[in-house]
Amino acid sequence: MSISTATLLTLAEGAAKKTALTGTATSTSSSSTTSSTSDAALSSLGQNYTEFLTLLTTQLEHQDPSSPMSTDSFTSELAQFAGVEQQVQTNSNLATLISATQENTLAEGKSLLGSTATATSSRFALQNGSAETSYTASSTAPVAIAVSDASGTIVKTETLTPAVGTNTWTWNGVSDSGSSEPNGIYSISVMQTAASGPPQSLATTTAGTITGLNQSSSGVNVNLGDYSTSLGNVTGITDASSSSS
């Protein structure tokens with residue numbers, strides 16, 4: 001059963017609001033968090049090991065000479081302490097290696113500044129009064145597009161007839177009320193009428209100019225204006241010199 005364009009647009013608005021209000025913000029914390037966790041684990045392990053040796057020494061001093069304590073138990077515990085310490089140190093060294101690799105990626109990534117990157121996301125950045133997203137339509141059935149600001153307020157809506165295949169939608173930052181929205185992060189939803197069943201939400205791919213890279217606890221992030229996403233989420237990069245030629 002087909003639905004009206006107004007209903008389709010309402011669904012798109014609801015999805016855009018939900019993304020804006022419940023979406024997970026990109027973490028910008030440094031990988032030093034992992035390192036500090038390993039340091040704390042080693043410190044705690046050292047304190048426990050010292051307490052264990054103190055108790056063991058005291059026990060040996062007060063044992064019955066005619067029935068000496070078996071060495072099997074505390075030898076086993078010593079081996080366990082050594083194994084745990086080695087594992088914690090390995091994790092710490094691995095974190096240091098990962099951090100060094102990320103720093104190298106950041107250094108090499110300077111050449112990407114000014115290039116255009118694409119990433120699959122329901123968020124995009126308005127940069128210098130322009131934002132671009134693309135989606136793939138399987139039919140020419142009506143499509144409703146809704147854009148929400150960070151507070152969940154719908155600022156731009158549009159209904160159109162797409163082409164079969166990849167479609168690109170560009171927003172000039174002008175809201176439905178005619179005002180120019182500020183640069184920043186916005187959420188977008190694209191809904192299309194289905195031949196049968198409920199409307200379909202179409203995945204969107206955001207495009208933007210790379211303005212920086214930063215290191216977080218989860219890896220290296222690429223900044224497209226105010227929008228930041230993991231380097232692993234980037235689906236394509238167009239060199240700045242290539243796009244300008």
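Everything numeric in this text was worked out from a predicted model, so none of it was measured.

(A) Examining the pairing of strand 7 (residues 184-192) more closely. Burial analysis of strand 7 places eight of its nine residues in the buried class, the great majority of the element. Where strand 2 (residues 123-126) and strand 7 come together, four bridges link them in antiparallel fashion. The residue bridging Arg 123 from the neighbouring strand is Ser 187, located in strand 7. Inspection of the sheet shows strand 4 (residues 143-148) paired to strand 7 by six bridges, in the antiparallel sense. Bridge assignment links Val 143 to a residue of strand 7, and that residue is Gln 192. Sheet analysis places strand 7 next to strand 8 (residues 200-202), joined by three bridges and oriented antiparallel.

(B) View of helix 1 (residues 5-22). Taking 1.5 Å as the rise per residue, helix 1 with 18 residues should run 26 Å; its terminal C-alpha atoms sit 26 Å apart, in good agreement. Looking only at helix 1, the buried set comprises Leu 8, Leu 9, Ala 12, Ala 16, Thr 19 and Ala 20. Each buried residue of helix 1 sits inside an arc of 110° when the element is viewed along its axis, so together they form one side. Pointing more than 90 degrees away from the buried face of helix 1 are the exposed residues Ala 6, Thr 10, Lys 18, Leu 21 and Thr 22.

Rules used in this analysis
- Residues numbered from 1 in each chain as written.
- Predicted model: local features only at pLDDT ≥ 70, side-chain atom pairs only at ≥ 80, totals over all residues.
- Heavy atoms only, no water.
- Buried < 20%, exposed > 50% of the residue type's maximum accessible area, 1.4 Å probe, protein only.
- Helix = DSSP H or I, 4+ residues; strand = E, 2+ residues; numbered from the N terminus.
- Pairing = 2+ DSSP bridges.
- Expected span 1.5 Å × (residues − 1).
- Arc of directions from axis to C-beta.

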